[in-house]
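Coordinates in review
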Amino acid sequence: RRPVEDLGTALPRALHSLLEAFPSDIVVLDTAAGLTEETLTLFTITDVLLLLVRPDRQDHHGSAVTADVARRIGVPRPALALTHLVGDHVADDDRRRLEEVFAIPVAAELPFAPELDEHRGDVPFVVAHPQHPWSLAVGSLAVGFGAEPE
């Protein structure tokens, strides 16, 4: 984990508190699309940047710019997660094309799961539905990035 002490007020105090109160293998931060001061600050402390990309070319340009900036800043492990997949997986040719376009590897293929939008509960979807294909894909992704398997 990269140090966060020297970032001053650019990084929200809540993140500092979270990291101190809940030491964990992985902290996932879902930021707004695009490049803002906050996202750029987070890039400087992250060990892994996971870009969520749809294989249908929706907003590939913006995501490619984000991937390029992450490389320039020096994010150690940028990766792609392909989302909203219909079917078992992305064709090998499409996967290779995306890895070439973004110049970073595909780390996960997350299936389309309308149940995510419908989930209302006190526990995360992956806990409530551990055998769901989406939950299994997220679990594999976390283990691939160094989390301990459950």
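Scope of this entry: the structure provided in the associated data block.

About the thresholds
- Residues numbered from 1 in each chain as written.
- Predicted model: local features only at pLDDT ≥ 70, side-chain atom pairs only at ≥ 80, totals over all residues.
- Heavy atoms only, no water.
- Phe/Tyr/Trp six-rings, centres within 6.5 Å; stacked < 30°, edge-to-face > 60°.
- Buried < 20%, exposed > 50% of the residue type's maximum accessible area, 1.4 Å probe, protein only.
- Axes fitted to C-alpha atoms, helices over the stretch in contact; angles between N-to-C directions.
- Helix = DSSP H or I, 4+ residues; strand = E, 2+ residues; numbered from the N terminus.
- Parallel < 35°, antiparallel > 145°, perpendicular 65-115°, else oblique.
- Contact = heavy atoms within 4.5 Å.
- Nonpolar A, V, L, I, M, F, W, Y, C, P; charged D, E, K, R; others polar.
- Core = buried A, V, L, I, M, F, W, Y, C linked by side-chain atoms within 4.5 Å.

Looking now at the packing of aromatic side chains. Using the criterion set out here, one finds 1 aromatic pair in the structure. When the centroid spacing of 6.0 Å and the interplanar angle of 80 degrees are considered together, the rings of F125 and W134 count as edge-to-face. W134 sits in the buried class, given a relative accessible area of 18%.

Two numbers describe how helix α3 (residues 60-73) lies on helix α4 (residues 92-102): the axes approach to 9 Å, and their chain directions differ by 55 degrees. Judged by the angle between their axes, α3 and α4 are oblique. Residues H60, S63, A64, A67 and R71 of α3 touch α4, and the partners they reach there are R97, L98 and F102. Grouping the amino acids of the contact of α3 with α4 by side-chain chemistry returns 4 nonpolar, 2 polar and 2 charged.

A separate point is the nonpolar core. With 16 residues, the main nonpolar core has L51, L80, L82 and F102 as its most contacted residues. Mapped onto this core, the elements with two or more residues apiece are β1 (48-53), α3, β2 (77-85) and α4. Beyond its immediate stretch of four places on either side in the chain, L80 contacts L50, L51, V53, L98, F102, I104, P105, V106, A107 and A108. Within the second largest apolar cluster, 10 residues are counted, among which are A108, L110, A113 and W134.

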